Amino acid sequence: METIMEAIGIELTEISKDRVVATMPVHGPTRQPYGLLHGGASVVLAETVASYGSMNLVKDEGKIAVGLEINANHIRSIRDGMVKAVATPLHTGKSTHVWDIKITDEKTGALICVSRCTVAIIDKK
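In short, a report on the structure.

The rules we used
Think of each chain on its own: its residues are numbered from 1, step by step along the sequence as written. Totals for whole chains, interfaces and linings use every residue, but because this is a predicted model, local features are given only for residues with pLDDT of at least 70 and side-chain atom pairs only at 80 or more, for both listing and counting. Calculated side-chain values reflect all of the structure's heavy atoms, with hydrogen atoms and water omitted. Each helix corresponds to a stretch of at least 4 residues labelled H or I by DSSP, and each strand to a stretch of at least 2 residues labelled E; elements are numbered beginning at the N terminus. With the radius of gyration taken over C-alpha atoms, the globule rule is written as 2.2 Å times the number of residues to the power 0.38. Contact between two residues is taken to exist if any of their heavy atoms lie within 4.5 Å; hydrogens are not considered. When charges are tallied, Lys and Arg are placed among the positive residues and Asp and Glu among the negative ones, while His and the ends of the chain are skipped. Think of each charge as sitting on NZ of Lys, CZ of Arg, CG of Asp or CD of Glu. If DSSP finds at least two bridges between two strands, the strands pair. Here the axes come from fitting lines to C-alpha atoms, over the contacting stretch only for helices, and the angles between their N-to-C directions go from 0 to 180 degrees. Buried means the residue's accessible area, taken with a 1.4 Å probe over protein chains only, is under 20% of the maximum for its type, while exposed means over 50%, and partly exposed covers the values in between. Whenever a nitrogen or oxygen atom comes within 3.5 Å of another N or O atom, the pair is scored as a polar contact, on the condition that within protein one atom can donate a hydrogen and the other can accept it, and that pairs from neighbouring residues in sequence are kept only if both atoms are in side chains.

**A look at the overall build of the chain**
Regarding its fold elements, the chain presents two helices and six strands. When its helices and strands are written in sequence order, the chain yields α-β-β-α-β-β-β-β. Here the chain has a C-alpha radius of gyration of 14 Å; the compact-globule value for 125 residues is 14 Å, and the two agree. Intrachain contacts of the chain at a sequence separation of at least 6 include 60% that bridge at least 24 residues. Separation between the mean location of the 14 positive side-chain charges and that of the 14 negative ones in the chain comes to 4 Å.

**Side note on the pairing of strand E6 (residues 111-123)**
As judged from the eleven bridges shared by strand E3 (residues 63-74) and E6, these two strands associate in the antiparallel manner. Looking across to E6, one finds that Ala-65 is bridged to Ile-121. Where strand E5 (residues 96-105) lies against E6, nine bridges are found, and the strand directions are antiparallel. Note that in E6 the partner of His-97 across the bridge is Val-119. Between the end of E5 and the start of E6, which pair antiparallel, lie five residues, with Gly-109 showing a positive phi angle near 80°.

**Examining the sheet that holds E5**
Here we have six strands laid out as an open sheet, ordered E1-E2-E4-E5-E6-E3, and antiparallel in their pairing. With one partner strand each, in any of the chains shown, strand E1 (11-15) and E3 form the two edges of the open sheet. On average, each strand axis in the sheet is inclined to that of its neighbour by 25°, with strand direction left out of account. The strands that helix H2 (residues 39-58) touches are E1, strand E2 (20-26), E3, strand E4 (81-92), E5 and E6; relative to E3, the one it contacts most, it runs at about 145°.

**A closer look at the environment of Lys-63**
Locating Lys-63 in the fold gives a position in strand E3. Under the relative-accessibility criterion, Lys-63 is labelled partly exposed at 27%. For the pair formed by Lys-63 and Val-20, sequence separation is 43 residues and the distance between their alpha carbons is 19 Å. For Lys-63, the side chain forms a polar contact with the side chain of Asp-123, separated by 2.5 Å.

Below is the structure:
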C-alpha cells in the first residue's frame, strides 16, 4: 500500500518504546510556493512518528493507534536538505498517548518545528 510517507519521502530510522526517529527530505513535494519547507509537511512528519510510536506500543494488545489532535510551532525555515523528527512519549495511557516531537535540520541540528500529538488508542476491528 502506498501512503503519504512514500509520497513525500519519510523514512523511519528508529523505533522503540522510548523514542521514534524519522527523516524527510526538503524537496518539491514538501515545499510551499516560496520554496520553504511547508508547515503541513512538518505536521505530517510529526504525526507519523507519534502514530508509529503508539502503534509499536499497542500492536500486541489488539489495538490500533490513530491521530486525535496535533499542534505545531514552526520555529525556523529551511529550503533544502533533510529534516529529522524525534518523538518521545509524554503519556501512554490506556485510551490516549501524548507525544513530544522535535523536528531539526539534520545537518546543523537547528530546531525547525516543535509539535505535540495526541493519539487515540482504539480496538482493532
